[in-house]
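# Report on the structure
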Amino acid sequence: MRHSDASRSRATLIGLSAVLLWALLALFTIGSSPVPPLLLNALCFGIGGMVGVIWMSISGTAHRLRQVPISVYAFGTAGLFGYHILYFYAFRLSPTAETGLIAYLWPLFIVLGSALLPGERLRGGHIAGALLAFAGAALIVLGKGSDGAASGLGQMLAFGCALTWTAYSLISRRLGTVPTESVAVFCIATAVLSAVAHMKFEPTVWPDSPMGWASVLLLGLGPVGIAFYTWDVGMKRGDVQLLGVASYAAPLLSTLALIIAGIAEASITLLVAALLITGGAALAARAGKARRTISASKDV
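Residues numbered from 1 in each chain as written. Predicted model: local features only at pLDDT ≥ 70, side-chain atom pairs only at ≥ 80, totals over all residues. Heavy atoms only, no water.

## Section: the side chain of Thr180
Within the secondary structure, Thr180 sits in the loop between helix 8 (152-174) and helix 9 (182-201). Its relative accessible area of 9% is what places Thr180 among the buried residues. Within the structure, Thr180 has its side chain in polar contact with the side chain of Asp232 (distance 2.8 Å). Among all residues touching Thr180, those that are not within four sequence positions of it are Trp55, Tyr229, Asp232, Val233 and Lys236. (Helix = DSSP H or I, 4+ residues; strand = E, 2+ residues; numbered from the N terminus. Buried < 20%, exposed > 50% of the residue type's maximum accessible area, 1.4 Å probe, protein only. Polar contact = N/O pair within 3.5 Å; in protein donor to acceptor, adjacent residues only side chain to side chain. Contact = heavy atoms within 4.5 Å.)

## Notes on the UniProt feature "domain: EamA" (unreviewed entry) in the protein
The positions UniProt marks with the feature "domain: EamA" (unreviewed entry) are residues 12-141 and 153-284. Taken end to end, residues 153-284 has its terminal C-alpha atoms 33 Å apart, with 80% of it in helix and 0% in strand. (UniProt positions renumbered as here; feature names shortened; annotations may be inferred.)

## Quick notes on helix 3 (residues 37-59)
Taking 1.5 Å per residue as the helical rise, helix 3 with its 23 residues ought to reach 33 Å, and the 33 Å between its terminal C-alpha atoms agrees with that figure. Among the residues making up helix 3, those that are buried are Leu38, Leu39, Leu40, Asn41, Ala42, Cys44, Phe45, Gly48, Gly49, Gly52 and Met56. Each element contacted by the buried residues of helix 3 is listed here: helix 2 (25-31), helix 4 (70-93), helix 9 and helix 10 (210-237). (Expected span 1.5 Å × (residues − 1).)

## Some words on helix 9
Its 20 residues give helix 9 an end-to-end C-alpha distance of 29 Å, which sits within 8% of 28 Å, the value for a rise of 1.5 Å per residue. Every buried residue of helix 9 is listed here: Ser182, Val183, Ala184, Phe186, Cys187, Thr190, Ala191, Ser194, Ala197 and His198. Buried residues along helix 9 sit against helix 3, helix 4, helix 8 and helix 10.

## So, a nonpolar patch on the surface
A cluster of nonpolar side chains, Met50, Val53, Ile54, Ile58, Ile188, Val192, Val196 and Met199, forms an exposed patch at the surface whose accessible area comes to about 770 Å². Those elements that provide at least two residues to the nonpolar patch are helix 3 and helix 9. When you line up the elements, Ile188 lands in helix 9. Taking relative accessible area as the criterion, Ile188 reaches 32% and is therefore assigned partly exposed. (Patch = residues over 30% accessible without salt bridge, like charges linked within 9 Å, V, L, I, M, F, W, Y side chains within 5 Å. Areas by Shrake-Rupley, 256 points an atom, 1.4 Å probe, with all protein chains shown as cover. Salt bridge = Lys/Arg side-chain N within 4 Å of Asp/Glu carboxyl O.)

## Comments concerning the packing of helix 6 (residues 106-113) against helix 8
With their axes 9 Å apart at the nearest point, helix 6 and helix 8 run at an angle of 45° to one another. Relative to helix 8, the element helix 6 lies oblique. Judged by the sense of rotation from one axis to the other, the crossing of helix 6 with helix 8 is right-handed. Touching Trp106, Phe109, Ile110 and Gly113 of helix 6 are Phe159, Ala162, Leu163, Trp165, Thr166, Ser169 and Leu170, all from helix 8. Of the residues assigned to the contact of helix 6 with helix 8, the class counts are eight nonpolar, three polar and no charged. (Axes fitted to C-alpha atoms, helices over the stretch in contact; angles between N-to-C directions. Parallel < 35°, antiparallel > 145°, perpendicular 65-115°, else oblique. Left-handed = near helix turned anticlockwise from the far one by under 90°. Nonpolar A, V, L, I, M, F, W, Y, C, P; charged D, E, K, R; others polar.)

## Quick notes on the pattern of salt bridges
The tally for this structure, following the rule as stated, stands at three salt bridges. A salt bridge links Asp239 to Arg8; its shortest N-O distance comes to 3.9 Å. Of this pair, Asp239 sits in the loop between helix 10 and helix 11 (240-246) while Arg8 sits in helix 1 (residues 3-22), and the two are 231 residues apart along the sequence. Residue class for Arg8 comes out buried when judged on its relative accessible area of 12%. Among the ionic pairs, Arg64 bridges to Glu181, the shortest N-O distance being 3.1 Å. Of this pair, Arg64 sits in the loop between helix 3 and helix 4 while Glu181 sits in the loop between helix 8 and helix 9; the two residues are 117 residues apart in sequence, bridging distant segments of the chain.

## Remarks on the packing of aromatic side chains
For the coordinates displayed, the defined rule picks out 22 aromatic pairs. Ring centres of Tyr89 and Phe201 lie 6.3 Å apart, and the angle between their planes is 80°; this geometry places the pair in the edge-to-face category. Of the two residues, Tyr89 sits in helix 4 while Phe201 sits in helix 9, which places them 112 residues apart along the sequence. Plain terms: the ring middles of Trp106 and Trp165 are 6.4 Å apart, the flat faces sit at 75° to each other, and that makes the pair edge-to-face. Of the two residues, Trp106 sits in helix 6 while Trp165 sits in helix 8, which places them 59 residues apart along the sequence. Assigned by exposure class, Trp106 and Trp165 land together as buried. (Phe/Tyr/Trp six-rings, centres within 6.5 Å; stacked < 30°, edge-to-face > 60°.)

## Focus on the nonpolar core
Judged by nonpolar contacts, the single largest core of 67 residues is most densely connected at Trp22, Leu80, Trp106, Trp165, Phe228, Trp231 and Tyr248. Sequence-distant contacts of Tyr248, defined by excluding residues within four places in its chain, comprise Tyr104, Leu105, Pro107, Leu108, Ala130, Ala133, Phe134, Ala137 and Ile277. (Core = buried A, V, L, I, M, F, W, Y, C linked by side-chain atoms within 4.5 Å.)

## Things to note about the confidence of the model for the protein
Summarising the model, the protein shows a mean pLDDT of 86, and 92% of its residues fall at 70 or more. Segment residues 293-300 is flagged for pLDDT under 50; beyond a separation of four residues in sequence, or across chains, it makes two contacts in the model. (pLDDT = per-residue confidence, 0-100.)

## Some words on the environment of Val240
You can see Val240 is positioned in helix 11. Among the residues examined, Val240 registers a relative accessible area of 0% and is labelled buried. Separated by 130 residues in sequence, Val240 and Ile110 have C-alpha atoms that sit 7.5 Å apart. Setting aside residues up to four positions removed in sequence, Val240 forms contacts with Ile110, Ser114, Leu117, Glu120, Leu170, Arg173 and Met235.

Structural data, given as structure tokens:
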């Protein structure tokens, strides 16, 4: 394996760790009740930003932030804050399973949009894998049923949410020279904006138990903290198509975490969804391997 292939594989594995961390999002979010969404966002991104600050202090890489243009900081903050504000209000207006599925179109969009990236080639296996994995995610999300009345505006916001995360992820790839340390600034700025929005739109309700505070802390350290740094590495230097398809493992792993915690029950639907998502990821991985093999043969 060439050095560039080894680096790409390592970055892909780092990016996949974000998917594993996002699988804990639902579990910790439930545990953080009754904290309202925007306040939770402010607390978690504040913790996530501090993770980056501590990392830079230990590694001595804070000086890299001076190289980053203001426009990039604005872009990153808009991506993180924009995605979450759209997500929260989509579900406030339309708390249905269909809304969740629309919001979860972003992995499919990332796979399709990767064709626009320099140095990337979209193969049929990538598309087939993404569609297969999407079908598995659809089984899980729609199988949960609707919790309220659907709203056209809410579902439009969910679609905007999917487009926002797709754009953030793909543009991050084009900003490969921007250091991952910049994510710490994105997180802190998102925390500030979320706090301002919270004060304007929500009542302040703090966690009412030690478990609630622990859930907030773990959210900030993992799914809304470290995950964004590792996703940045994966998007900039890893296999974009494989990461997009593998992201559909998040709802599957999230459901498994809830089952282990005794919050959800196992079902045959979950087994079928697992097979579809695994099969989709395998297809995408095979397509990526074929692309690298062809590329290597051309270099000989």
